[in-house]
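Reading the structure
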Number of protein chains: 2
Amino acid sequence: MSASTREMLARVRQMVPPLLEKFHKGQLGRVAVIGGSEDYTGAPYFSAMASARLGCDMSHVICTPSAATVIKSYSPNLMVHPLMRSSPSSTSAPVTSSSGADTDAQQIAARIVPMLDRLHVLVIGPGLGRDPLMQDTCALVIRAARDRGMPMVLDADALLLVQREPDLVRGYRLAVLTPNVVEFGRLTRALGVDEQVRAAAQQSETAKVEALAKALGGVMIVQKGPKDQISDGKVTFTVDLEGGRKRSGGQGDTLTGSIATFLGWRKAYLDGIWETGKQLKEEELVGLAAFGGSAITRECSRLAFAKKGRSLQASDLTDEVHTAFLNLFGEVGEDGSGARL
Amino acid sequence: MSASTREMLARVRQMVPPLLEKFHKGQLGRVAVIGGSEDYTGAPYFSAMASARLGCDMSHVICTPSAATVIKSYSPNLMVHPLMRSSPSSTSAPVTSSSGADTDAQQIAARIVPMLDRLHVLVIGPGLGRDPLMQDTCALVIRAARDRGMPMVLDADALLLVQREPDLVRGYRLAVLTPNVVEFGRLTRALGVDEQVRAAAQQSETAKVEALAKALGGVMIVQKGPKDQISDGKVTFTVDLEGGRKRSGGQGDTLTGSIATFLGWRKAYLDGIWETGKQLKEEELVGLAAFGGSAITRECSRLAFAKKGRSLQASDLTDEVHTAFLNLFGEVGEDGSGARL
């Protein structure tokens, strides 16, 4: 581990809440993942489960009814709400209502938006798919969440929304985008900064991510790769922890869920629900949350790869979330039990 | 462990049946959990599975058809009956019958009530939700169960029923209510005793729970908190066993299922199916069942927290039910095998 990574982890550690007797349910984070469609049910599960096993108090998934049945069956610990709808032209059941309740994005979003007041952080995109009705509904929910000043992590097909309508998130400093290399390229082209990004890449390893973050007005970008590069255009971090060498799908979902829990802890830190020492500035917390999520995911990948080698699957990362947390952030509790928390 | 807790556990221990060769299926308890709706499937599973793992013979869940499919998938050990119906106005499938069979609470309850004669204890509320048809159906089942003198545990959204219609349970000494702090507050306001409860709270730690139990005419209240307070208005117990310090959702479901099994054992004790010694009075058995369930749940929470720390999920408690039982009540069996039972 490099000295700079060690130093960053120590800063991230300051926003990890202790587990105090006085806390009540929900104070350590309420996260919802919006995604899960006819084709994809693993991604939202991995994301929500990572948030839960990292230590937020409540993890929800908001998805289509058919995805809900499957995701619920993966774990009784998640709360799964079948509130999303895909376009009726898809191969699923016929429309049973002519009122638009199941076909109009406004009406669908109107059933999701009231939940936001009971949540702290959204992850949008895992297993979302490209169905227009799903995409339109997410755009409405993103606007409502932004109006409420809610932090959000956008990944996978939610990045399509940003490609098409960058103003959805432009200048919103509580948005974290986690593009892979293909999505990163699409975003730079959509924003018309691909030439600029290519030129920047000649100068330094981090110039690309900085250029994209600037083009989006200070949104936090986590560029996944051999090292993760994290930037809001002003401040840039590199996460150089060792990961696994298996490139199976779904590992990015552990990243989004982990960042979400750190963003939940950001709120707990700002609310001062424990003696934080107030060493961290509010404006650095989103970057620390992204760094923390990236570090956890890379450590999960390393641990899982050491056990599973080329057979590694995304769920093997889920199983390592708590051990990864203990390895990077764990301290012996002060209750005398010797438990590491 | 305090001396008073140790003494209480020894009393509870007397109502735990031995495992005798002569017993047949069902004698050590037949429990049904009524709950499980479009949004919630984990809660009824945790409750029913706690009852099963603690040691009742048969654990049922009565829920909606869509919840039934999911709950069945969690475990082949539970018997899951898709007999509940939610209002057709909800976003699910269209009404397929115009006869009222699926929309009339009386007709729905009429398919559930005949099961009561084959059951010993009901848990009502886990994952029930607030749908009016579900709520109305439960009210009818509660009346039928009370007519039969059946013990019942009410939690979560079943407490809404008590708020709206306190006479459903008022004066029924075989009802156990397990409100959390929010539900406790709502109940005292609904009963018009919130001022009185606030005043009582100045006097002692247990005065609140006593005031609510009295307002409900001697119903057993388990007030969950840093310590659990249990009272029927006359006799009050405090359960001060150490629990875990993670506040994730679903831990209260282990409590309701555990109390249900002890209430099943209460019947076995009263029926004298083994040489009980008859040291316990009938009127103290419901309090002892509540104490036993609370003690088991806190020990599950402590054990799971020691292993899982901040990654603790509700299902981690389920995994500890038998170890918690052995720690608190286990004895080496007299069959010479050395097995702890």
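Residues numbered from 1 in each chain as written. Chains lettered and ligands numbered in written order. Predicted model: local features only at pLDDT ≥ 70, side-chain atom pairs only at ≥ 80, totals over all residues. Heavy atoms only, no water.

**Overview of the UniProt feature "binding site: (6S)-NADPHX" (unreviewed entry) in chain A**
Residues and elements named next belong to chain A. In plain terms, the rule: UniProt positions are given in the numbering used here, feature names are shortened, and annotations may be inferred rather than shown by experiment. Contacts between residues were defined by any pair of non-hydrogen atoms, one from each residue, lying within 4.5 Å. Elements are defined by DSSP. Helices are runs of H or I of four residues or more, strands are runs of E of two residues or more, and each kind is numbered from the N terminus. For every residue, the accessible area obtained with a 1.4 Å probe (protein chains only) is divided by the maximum for its type, and the residue is called buried under 20%, exposed over 50%, and partly exposed between those limits.
The feature "binding site: (6S)-NADPHX" (unreviewed entry), as given by UniProt, occupies Gly127, Asn180, Val181, Val182, Glu183, Phe184, Gly185, Arg186 and Asp253 in the numbering adopted here. If near-sequence neighbours (up to four positions away) are discounted, Glu183 is found in contact with Asp155, Ala156, Leu159 and Thr178. Considering the arrangement of structural elements, one finds Arg186 in helix H7 (residues 181-190). Given the relative accessible area of 29%, Arg186 is considered partly exposed. Apart from residues no more than four positions distant in its own chain, Arg186 is found in contact with Arg130 and Gln163.

**Examining the pattern of salt bridges**
Proximity of charged atoms lets side chains of opposite charge pair with each other. As a reminder of what qualifies: Salt bridges, as used here, are contacts in which a Lys or Arg side-chain nitrogen is within 4 Å of a carboxyl oxygen on Asp or Glu.
Applying the stated criterion across every chain yields a total of 34 salt bridges over all chains. Note that Arg247 of chain B and Glu21 of chain A form a salt bridge whose closest N and O atoms lie 3.2 Å from each other. In this pair, Arg247 of chain B sits in the loop between strand E9 (236-239) and helix H10 (251-271) while Glu21 of chain A sits in the loop between helix H1 (3-14) and strand E1 (30-34), so the two residues belong to two different chains. Judged by relative accessible area, Glu21 of chain A falls into the partly exposed class, the value being 42%. Measuring nitrogen to oxygen at the nearest pair gives 3.6 Å for the salt bridge that ties Asp102 of chain B to Arg111 of chain B. Asp102 of chain B gets classed as partly exposed once you look at its relative accessible area, which sits at 22%. Overlapping salt bridges, with partners in common, bring together Arg53 of chain A together with Lys308 and Asp316 of chain B in one network.

**Some words on the sheet that holds strand E6 (residues 175-177) of chain B**
Residues and elements named next belong to chain B. Applied cut-off: Pairing between strands is defined by DSSP: at least two bridges between the two strands are required. The angle between two axes is taken between their N-to-C directions and runs from 0 to 180 degrees, where each axis is a line fitted to C-alpha atoms and a helix contributes only its stretch in contact.
Taking strand neighbours across the sheet as the criterion, the nine strands line up as E3-E2-E1-E4-E5-E6-E7-E8-E9 in an open arrangement whose pairing is mixed. The sheet terminates laterally at strand E3 (79-81) and E9, the two strands that pair on one side only. Each neighbouring strand pair of the sheet contributes to a mean axis angle of 15°, computed without reference to strand direction.

**A closer look at helix H4 (residues 105-112) of chain A**
Residue and element names in this part refer to chain A. Basically, it comes down to this: Note that the arc is computed from the directions linking the helix axis to the C-beta atoms.
Of the positions making up H4, those classed as buried are Ala105, Ile108, Ala109 and Ile112. Buried residues of H4 fall within an arc of 95° about the axis and therefore sit on the same side. Looking at the buried positions of H4, the neighbouring elements they touch are strand E2 (58-62) and helix H5 (132-147).

**Description of the packing of helix H11 (residues 285-308) of chain A against helix H13 (residues 321-329) of chain A**
Residues and elements named next belong to chain A. Here is the rule we go by: By the definition used in this description, the sense in which the near helix is turned from the far one sets the handedness, with an anticlockwise turn below a right angle giving left-handed and a clockwise turn giving right-handed. For this scheme, ten residues count as nonpolar: Ala, Val, Leu, Ile, Met, Phe, Trp, Tyr, Cys and Pro. Four count as charged, namely Asp, Glu, Lys and Arg, and the remainder, Gly too, count as polar.
Between H11 and H13, the shortest axis-to-axis distance is 9 Å and the interhelical angle comes to 115°. Here H11 and H13 pass one another in a crossing that is right-handed. The segment H11 lies against H13, with Gly292, Ala295, Ile296, Glu299, Cys300, Arg302 and Leu303 engaging Val321, Thr323, Ala324, Phe325, Asn327, Leu328 and Phe329. Taken together, the residues of the contact of H11 with H13 sort by class into nine nonpolar, three polar and two charged.

**Quick look at the interface of chain B and chain A**
For interface size, the figure often reported is the accessible area lost on association. To keep things clear, this is the line we draw: The term buried area denotes the loss of accessible surface (1.4 Å probe radius) that occurs when two parts are joined, taken as the sum for both partners. Counted as a polar contact is a pair of N or O atoms within 3.5 Å, where, for protein atoms, one must be capable of donating a hydrogen and the other of accepting one, and residues adjacent in sequence contribute only when both atoms are in side chains.
Opposite the 27 residues of chain B that make contact, chain A presents 35 residues. Both faces combined, the contact of chain B with chain A buries some 2800 Å², and carbon together with sulfur accounts for 51% of it. The largest contributions to the chain B side of the interface with chain A come from Arg245, Arg247 and Arg310 of chain B, which together make up 33% of the buried area. Where chain B touches chain A, the interface holds two salt bridges. Our count for the contact surface shared by chain B and chain A stands at 15 residue pairs in polar contact (both at pLDDT 80 or more).

**Some thoughts on helix H5 (residues 132-147) of chain B**
Residue and element names in this part refer to chain B. The test is simple: Multiply 1.5 Å by the residue count of a helix minus one, and that product is the helix's expected span.
The first and last C-alpha atoms of H5 sit 23 Å apart over 16 residues, in line with the 22 Å expected at 1.5 Å per residue. Every buried residue belonging to H5 is among Leu133, Met134, Gln135, Thr137, Cys138, Ala139, Val141, Ile142, Ala144 and Ala145, and all of these are buried. Packed against the buried residues of H5 are strand E1 (30-34), helix H4 (105-112), strand E4 (121-124), strand E5 (152-154) and helix H6 (158-164). The backbone nitrogen of Leu133 has a side-chain oxygen 3.0 Å away, supplied by the residue at the start of H5, namely Asp131. Just downstream of H5, Gly149 is the residue with a positive phi angle, here 70°.

**Details of the pairing of strand E7 (residues 220-223) of chain B**
Residue and element names in this part refer to chain B. Burial along E7 is two-sided: the face carrying Met220 and Val222 and the face carrying Ile221 and Gln223 are both buried. Bridge analysis of E6 against E7 gives two bridges, and the strand direction is parallel. Residue pairing for E7: Leu177 is matched across the bridge by Ile221. Where E7 folds back onto strand E8 (residues 228-231) in an antiparallel hairpin, the turn is made up of four residues.

**Some details on the environment of Gln196 of chain A**
Residue and element names in this part refer to chain A. Checked against the element boundaries, Gln196 lands in helix H8 (residues 194-203). Owing to a relative accessible area of 48%, Gln196 belongs among the partly exposed residues under this scheme. Separated by eleven residues in the primary sequence, Gln196 and Ala207 have C-alpha atoms spaced 9.8 Å apart.

**Thoughts on the nonpolar core**
The following threshold applies: Buried residues of nine kinds, namely Ala, Val, Leu, Ile, Met, Phe, Trp, Tyr and Cys, make up a nonpolar core once their side-chain atoms join them within 4.5 Å.
The biggest cluster of nonpolar side chains holds 232 residues, and the ones touching the most others in it are Leu122 and Leu177 of chain A together with Leu122 and Leu177 of chain B. Element by element, the count of residues in this core is highest for helix H11 (residues 285-308) of chain B, at twelve residues. Setting aside chain neighbours within four positions, we find Leu177 of chain B in contact with Leu154, Leu159, Val162, Leu187, Leu216, Val219, Met220, Ile221 and Val222 of chain B.

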